Amino acid sequence: MDYDFLRQHIGHEIVIVCYGGENEDPENIAIECETCSTVIADVHKDEHYEKHGLECPSCLNESEYMIEKDDDGKKVYHCLECDYECSMFN
Ligand SMILES: [Zn+2]
Ligand SMILES: [Zn+2]
């Protein structure tokens with residue numbers, strides 16, 4: 001998600017939708033643009049993805065990261081491009 005991406009959706013119908021079984025916490029919650037049927041952002045219940053716009057130290061992509069907590073409650077970032085694992089963005 002970046003400036004130009006969001007800019008395309010100015011004035012559009014933005015909705016928050018969820019996916020999953022009835023009467024349970026939704027598995028997935030997404031911000032979607034109804035006007036152009038695009039997912040703006042989504043978050044899975046047990047996973048947390050984040051795009052930092054930061055360069056991965058391993059593959060040098062501006063990757064998206066899956067974020068988990070380790071035993072000490074520290075965030076661990078997994079680069080989705082190369083699986084590199086780091087905690088440097090804390
Ligand atoms: Zn749109
Ligand atoms: Zn990487």
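Residues numbered from 1 in each chain as written. Chains lettered and ligands numbered in written order. Predicted model: local features only at pLDDT ≥ 70, side-chain atom pairs only at ≥ 80, totals over all residues.

Some thoughts on the overall build of the chain
1) Next: A tally of helices and strands in the chain yields one helix and seven strands.
2) Next: Walking the chain from its N terminus toward its C terminus, one meets helices and strands in the order α-β-β-β-β-β-β-β.
3) Next: Buried residues in the chain amount to 4% of all 90 residues.
4) Next: Partitioning the contacts of the chain with sequence separation of at least 6, the portion at a separation of at least 24 is 17%. (Helix = DSSP H or I, 4+ residues; strand = E, 2+ residues; numbered from the N terminus. Buried ≥ 20, exposed ≤ 12 C-beta atoms within 10 Å, placed from the backbone. Contact = placed C-beta atoms within 7 Å.)

Quick word on the pairing of strand 2 (residues 28-33)
1) Next: Across six bridges, strand 1 (residues 14-19) lies against strand 2 in antiparallel orientation. Residue pairing for strand 2: isoleucine 14 is matched across the bridge by cysteine 33.
2) Next: For strand 2 and strand 3 (residues 38-44), the ladder comprises six bridges, and the chain directions are antiparallel. Within strand 3, the residue paired with alanine 30 across the bridge is aspartate 42. (Pairing = 2+ DSSP bridges.)

Side note on the sheet that holds strand 1
1) Next: Read across the sheet, three strands follow the order 1-2-3 without closing on themselves; strand pairing throughout is antiparallel. Bordering the open sheet on either side are strand 1 and strand 3, each of which pairs with just one other strand. The mean inter-strand angle of the sheet, taken between neighbouring strand axes irrespective of direction, is 20°. (Axes fitted to C-alpha atoms, helices over the stretch in contact; angles between N-to-C directions.)

Considerations on the environment of isoleucine 40
1) Next: Position of isoleucine 40 relative to the elements: it lies in strand 3.
2) Next: With 16 C-beta atoms packed within 10 Å, isoleucine 40 lands in the partly exposed category.
3) Next: Each C-alpha atom of the pair isoleucine 40 and isoleucine 14 lies 8.8 Å from the other, and the pair is 26 residues apart in sequence.
4) Next: Setting aside its immediate chain neighbours within four residues, isoleucine 40 contacts Met1, His9, Ile14, Ile31, Glu32 and Cys33.

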